[in-house]
Amino acid sequence: MKLFRFGGGRIGITANDHSYDITDALGVDTDAWPPVQVVQLIADFTRKTEGILRHPKTKEVDFSQLRLEVPIEWPNKLLAYPVNYVKHGEEMKSTNRADRNGFFMKTNSSLSGPNDPIVLPDVPGREIHHECELGIVIGKQGRNITKDQALDYVFGYACLIDMVVRGNEERVMRKSYDTFCPFGPWIVTADEVPDPANLRARLWVNDVIKQDANTRDLIVNIPEMIETASRVATLYPGDIIATGTPEGVGPVQRGDRVRIAIDHVGEMTLDVR
């Protein structure tokens, strides 16, 4: 199943090759603030979606005509792991590694959707790089989760681009500009991803492939990431974890088009402005 947002915060799902608007069936107020409607749905997904396709207020929609929005707008937190592929560490000549340095946080306001442009800040003389990553969406609350339990806490997966201004400021600052975390185009539920430890992830700039790697090469794998994060902070439904980027990072310029694709998860193409 795919979970997506569209049309000003409306919520949809795709099941059995058909797409449905379930907003009214859920009783969702799309104008409510803060915009945690999808987080609330994820927290009680099984109960809230039981029989939802038969609900009289559920409407089938033409997915090809929808303008998709960021699937989660207001997670409790957005965590990311730095230097989580050996070859990326080598290309950056970095002594940091995910197994040594743990995770950092990006601001939630850096999240943007599959139809939003990446807007570059005015930072003359600085390079702004793309980073191709898998996004993990947590499905239930947990603390001190073990590696053996970890995948039971995953709701689903999405494509994620971790944009960054290269420089000496704190990593959190350089990665937290608005639109610096394109996320989407939907969330694929975990049951549709056969093996999250074997997912090919690729990124192109202007149709030239720049990054091509597999999650089997992660230094800290997905269960270990969840275990590490939950030792520090309680994980909540809707929390997003970015897995780290493989080698091949590089600069983008205004006018570029960036495409990310991850097997069994999805793909999206974004304009750079």
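Every chain is numbered independently, its residues counted from 1 as its sequence is written. For a predicted model such as this one, the threshold for reporting local features is a pLDDT of at least 70, and the threshold for listing and counting side-chain atom pairs is 80 or more; totals across whole chains, interfaces and linings nevertheless cover every residue. Side-chain figures throughout are based on the complete set of non-hydrogen atoms in the structure, without hydrogens or water.

The name given to the protein chain in an unreviewed UniProt entry is Fumarylacetoacetate hydrolase family protein, with Achromobacter denitrificans as the source organism.

Some points on the pairing of strand β15 (residues 208–214)
Pairing of strand β14 (residues 200–205) with β15 involves 6 bridges; the strand directions are antiparallel. Opposite R202, over in β15, you have D212 as the bridge partner. Joining the antiparallel neighbours β14 and β15 is a turn of 2 residues, in which N206 adopts a positive phi near 55°. Note on pairing: DSSP must find at least two bridges between two strands before they are called paired. Numbering of helices and strands runs from the N terminus, with a helix taken as a DSSP run of H or I at least four residues long and a strand as a DSSP run of E at least two residues long.

With respect to empty space enclosed by the protein
As defined here, a cavity is a set of points on a 1 Å grid over the protein atoms alone where a 1.4 Å probe fits but cannot get out. A pocket is an open set with protein on both sides within 12 Å along at least five of seven lines, and residues line them when an atom is within 4 Å of a point. Grid points are joined across faces, edges and corners, and a volume is the space filled by probe spheres set on the points. All chains considered together, the criterion is met by 1 cavity of 30 Å³ or more. Volume-wise, the largest cavity comes out at about 30 Å³. Every residue lining the largest cavity is listed: Y85, C132, E133, L134, A201, T215, T243, G244 and P246. For the lining of the largest cavity, the leading source of residues is strand β10 (residues 132–138), giving 3 residues.

So, the pairing of strand β19 (residues 266–271)
Here β19 shows a clear split, with G266, M268 and L270 buried on one side and none of E267, T269 and D271 buried on the other. Note: strand β18 (residues 257–262) against β19, 6 bridges, orientation antiparallel. Within β19, the residue paired with V258 across the bridge is L270. Remark: 3 residues form the turn of the hairpin made by β18 and β19, two consecutive strands paired antiparallel; H264 in that turn has positive phi of roughly 65°. Think of it in three bands: with a 1.4 Å probe and only protein chains considered, a residue is buried below 20% of the maximum accessible area for its type, exposed above 50%, and partly exposed in between.

Description of the pattern of salt bridges
For this analysis, a salt bridge means a side-chain nitrogen from Lys or Arg found within 4 Å of a carboxyl oxygen belonging to Asp or Glu. Counted by the stated rule, this structure contains 17 salt bridges. Note that E131 and K175 form a salt bridge whose closest N and O atoms lie 2.9 Å from each other. Highlighted residues: E131 in the loop between β9 (128–130) and β10 and K175 in the loop between α7 (171–174) and β13 (181–189), separated in sequence by 44 residues. Three or more residues are tied together by salt bridges with common partners; here these are K106, E131, D162, R166 and K175.

Remarks on the sheet that holds strand β17 (residues 250–251)
Taken together, 3 strands build an open sheet; the order of strands is β12-β9-β17 and the sheet is antiparallel. For this open sheet the edge positions go to β12 (164–165) and β17, each flanked by a neighbour on one side alone. Inspection of the sheet shows β9 paired to β12 by 2 bridges, in the antiparallel sense. Paired with I128 across the strands is V165, a residue of β12.

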